[in-house]
Amino acid sequence: GGKFAFLTLSDPTGEVEMMVFPETLSQHYDLLQVGNAVAVTVGVTVPLTLVGVPSAALFAALVVGIAMALLTLGPAGVPRKLGLAAQGTLGVYIGTMVQDDALSALGDDWLIVLGIAVSTLLLSVAAGALLGLRRDVSPLTGSLSLVAGGASGLVAIARELGGDDRVVAVLQYLRVGLVTASMPVVVTLIYHADRSRPDSAGAGQDPVAPWYVSVAMLIGLVLVGSTLGRLIRLPGAGLLGPLALTVALEVSGLSFGLSVPELLVQAGYVLIGWQAGLAFTRESLRAVGRLLPTAVALIVALGAATAGLGVLLTHVADLTLLEGYLATSPGGVYAVLATAVETGSNVTFIIAAQVVRILLMLFAAPLLARVVVWAGRRFGRQSRAITDASNEPIRVAD
């Protein structure tokens, strides 16, 4: 009268044997797989964090998820509710980057900063469109893969928007990795930055709310933000709803020192990384590998184009060439902050400009998705999907 799980095994002779286990044993095996995935992911995250890899937990979870999927050793996937919780957590976390004095930090230059952010978006879309000319990736996936901002957020909602989140995860992390890795070289060899200049970020930190207050606010923002987002049919409501509410609180000065606990941020990264990694197959991994040379060339071209926008910014705003480069860098916001502090640059302006870029990219992505899908149906060529599995959008309004 109990429930059972069936396991089919085959030996080298070709004989097949079916074994029957109580369902509790099958559940225990699933828990063991999850435990192994957690242990291995933590083991990979720690050294990556120590060497300064950005969003190390997301990258580690992506790699571990791919490996376990190919070896069929990991869990089947990330439950939908956990995925949405991770989206909401990241949305609130990104929202806390916005400070109530962000707009005033830009002063009279806010319009040119916004214009450059829009230009960066258009350049990203153009690069993504070029990537989408390949038969093994859809134009939508190509566009989302090269949008220059909010990598973790875009990976979180890529599948929901109708893109292939595996491709988006690999190429977005490739973009962030290339920009971050090249920044010390560019800053030293091209801009001749003086790292001995005094730290200009010595201003006092805003007070931080106790962790239990922040957790309670986080839960409320995720629940209310995602619910309101679904009610108004906001694409990517699980991420963008909580993000929008958090930005509103920060700008109005009513955030009360909200700070997402680091453990929850890392857990969100892990879930997003697993969500993409566990969906990989050998075929899709080979297909992504074929995209890499083209993607690297487009990312390098995007970086050069945004550096040109940085030169334009220096002619309009009272900035050095180095500050213009850092303010318009298409990724690696934490590396940008560290470099700005070390070189005595205008940290407040640079981070404000970077936040404008990230928020624009995240909120424009759903609209971008709709435009690309419409254009594909109206004019487009039907591209062959890397696999069918991840091209089915997750319906947020369920």
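Residues numbered from 1 in each chain as written. Predicted model: local features only at pLDDT ≥ 70, side-chain atom pairs only at ≥ 80, totals over all residues. Heavy atoms only, no water.

Enquirer: What is the right way to look at the environment of Ile190 in this model?
Expert: Inspection of the secondary structure puts Ile190 in the loop between helix H8 (165-189) and helix H9 (211-231). What makes Ile190 exposed here is its relative accessible area of 55%. Between the alpha carbons of Ile190 and Leu322 there is a distance of 9.0 Å; along the sequence they are 132 residues apart. (Helix = DSSP H or I, 4+ residues; strand = E, 2+ residues; numbered from the N terminus. Buried < 20%, exposed > 50% of the residue type's maximum accessible area, 1.4 Å probe, protein only.)

Enquirer: Can you help me understand the packing of helix H7 (residues 151-161) against H8 in this one?
Expert: Any two packed helices are characterised by how steeply their axes cross, that is the angle between the axes, and by the distance between the axes. Where H7 meets H8, the closest approach of the two axes is 8 Å, and the angle between their N-to-C directions is 170 degrees. Comparing their axes, H8 and H7 come out roughly antiparallel. From H7, Ala151, Leu154, Val155, Ala158 and Arg159 reach across to H8, where they touch Asp165, Val168, Ala169, Gln172, Arg175 and Val176. Considering only residue class, the contact of H7 with H8 consists of seven nonpolar, one polar and three charged. (Axes fitted to C-alpha atoms, helices over the stretch in contact; angles between N-to-C directions. Parallel < 35°, antiparallel > 145°, perpendicular 65-115°, else oblique. Contact = heavy atoms within 4.5 Å. Nonpolar A, V, L, I, M, F, W, Y, C, P; charged D, E, K, R; others polar.)

Enquirer: Teacher, can you tell me more about the nonpolar core here?
Expert: It is characteristic of soluble globular proteins that their nonpolar side chains tend to be buried jointly. In terms of nonpolar packing, the biggest core is built from 95 residues, with Leu144, Trp274, Leu313, Tyr325, Leu326 and Leu362 touching the most fellow members. In terms of residue count, the dominant contributor to this core is helix H15 (residues 347-378) (16 residues). Discounting residues that sit within four places of it in the chain, Leu144 has contacts with Leu154, Ala158, Leu161, Gly163, Val168, Gln172 and Ala365. (Core = buried A, V, L, I, M, F, W, Y, C linked by side-chain atoms within 4.5 Å.)

Enquirer: Where do I start with the confidence of the model for the chain in this structure?
Expert: Regions with low pLDDT should not have their predicted coordinates read in detail. Averaged over the chain, the pLDDT score is 78; the fraction of residues at 70 or greater is 81%. Residue range residues 198-204 is modelled with pLDDT below 50. Its contacts to residues more than four positions away, or to other chains, number nine contacts. Note on residues 382-398: pLDDT is under 50 here. Beyond four places in sequence and across chains, it has 48 contacts. (pLDDT = per-residue confidence, 0-100.)

Enquirer: Teacher, can you tell me more about helix H5 (residues 110-131) here?
Expert: Side chains that are three or four residues apart share a direction in an α-helix, a result of its 3.6 residues per turn. Along its 22 residues, H5 runs 31 Å from first to last C-alpha, staying within 8% of the 32 Å computed at 1.5 Å per residue. What H5 keeps buried is the set Val113, Ile116, Ala117, Thr120, Leu121, Ser124, Ala127, Gly128 and Leu131. Down the axis of H5, the sector holding all buried residues measures 145 degrees, keeping them to one side. Exposed residues pointing more than 90 degrees away from the buried face of H5 are listed as Leu111 and Leu122. (Expected span 1.5 Å × (residues − 1). Arc of directions from axis to C-beta.)

Enquirer: Sorry if this is basic, but what is going on with the side chain of Arg166 here?
Expert: As for its position among the elements, Arg166 is in helix H8. Of the residues examined, Arg166 reaches a relative accessible area of 1% and is grouped as buried. Of the polar contacts made by the side chain of Arg166, one reaches the side chain of Asp164; its length is 3.0 Å. (Polar contact = N/O pair within 3.5 Å; in protein donor to acceptor, adjacent residues only side chain to side chain.)

Enquirer: Before we go on, may I ask you to explain the packing of aromatic side chains in this structure?
Expert: Two descriptors summarise a pair of aromatic rings, namely the distance from one centre to the other and the angle between the planes of the rings. Scanning the model with the defined rule gives two aromatic pairs in all. Pairing Trp211 with Tyr212 gives two aromatic rings, centres 5.8 Å apart and planes at 85 degrees, and the pair type is edge-to-face. Pair check on accessibility: Trp211 and Tyr212 agree, each one exposed. (Phe/Tyr/Trp six-rings, centres within 6.5 Å; stacked < 30°, edge-to-face > 60°.)

Enquirer: For this particular structure, what's the right way to read a nonpolar patch on the surface?
Expert: A grouping of Val34, Val38, Val42, Val46, Leu50 and Val51 is seen on the molecular surface, where their side chains present a nonpolar patch of about 540 Å² in accessible area. Counting through the fold element by element, Val51 comes out in the loop between helix H1 (23-50) and helix H2 (56-71). Given a relative accessible area of 64%, Val51 falls into the exposed group. (Patch = residues over 30% accessible without salt bridge, like charges linked within 9 Å, V, L, I, M, F, W, Y side chains within 5 Å. Areas by Shrake-Rupley, 256 points an atom, 1.4 Å probe, with all protein chains shown as cover. Salt bridge = Lys/Arg side-chain N within 4 Å of Asp/Glu carboxyl O.)

Enquirer: For this particular structure, what's the right way to read the packing of H5 against helix H6 (residues 139-146)?
Expert: At a closest axis distance of 7 Å, the pairing of H5 and H6 adopts a crossing angle of 135 degrees. The orientation of H5 relative to H6 falls into the category oblique. Between H5 and H6 lies a crossing whose hand is right-handed. In contact with Ser124, Val125, Ala127, Gly128, Ala129 and Leu131 of H5, H6 contributes Pro139, Gly142, Ser143, Ser145 and Leu146. Classifying every residue of the contact of H5 with H6 by side-chain character gives six nonpolar, five polar and no charged. (Left-handed = near helix turned anticlockwise from the far one by under 90°.)

Enquirer: Would you mind showing me how to read the environment of Thr281 here?
Expert: In this fold, Thr281 is placed in the loop between helix H11 (262-277) and helix H12 (282-316). Residues Thr281 and Ala67 lie 214 residues apart in sequence; the distance between their C-alpha atoms is 9.7 Å.

Enquirer: Just to check I follow, could you spell out unusual backbone geometry for this structure?
Expert: Phi is mostly negative for residues that are not glycine, and the peptide bonds are mostly trans. A positive phi is found at Phe256, a non-glycine position, where the angle reads about 55 degrees. Within the fold, Phe256 resides in the loop between helix H10 (237-252) and H11. Its relative accessible area of 61% is what places Phe256 among the exposed residues.

Enquirer: So what exactly am I meant to see when it comes to the pattern of salt bridges here?
Expert: Think of it this way: side chains of opposite charge can pair up when their charged atoms draw near. If you walk through the whole model with that rule in mind, you get two salt bridges. The shortest N-O distance in the salt bridge between Asp165 and Arg159 comes to 3.0 Å. Taking relative accessible area as the criterion, Arg159 reaches 18% and is therefore assigned buried. A salt bridge links Asp164 to Arg166; the shortest N-O distance between them is 3.0 Å. With respect to burial, Asp164 and Arg166 carry one shared label: buried.

Enquirer: What's the story with the environment of Tyr173 in this structure? I'm lost.
Expert: By the element assignment, Tyr173 lies in helix H8. When its relative accessible area of 12% is taken as the criterion, Tyr173 is described as buried. Each C-alpha atom, one on Tyr173 and one on Ser152, is 8.5 Å from the other, the two residues being 21 residues apart in sequence.

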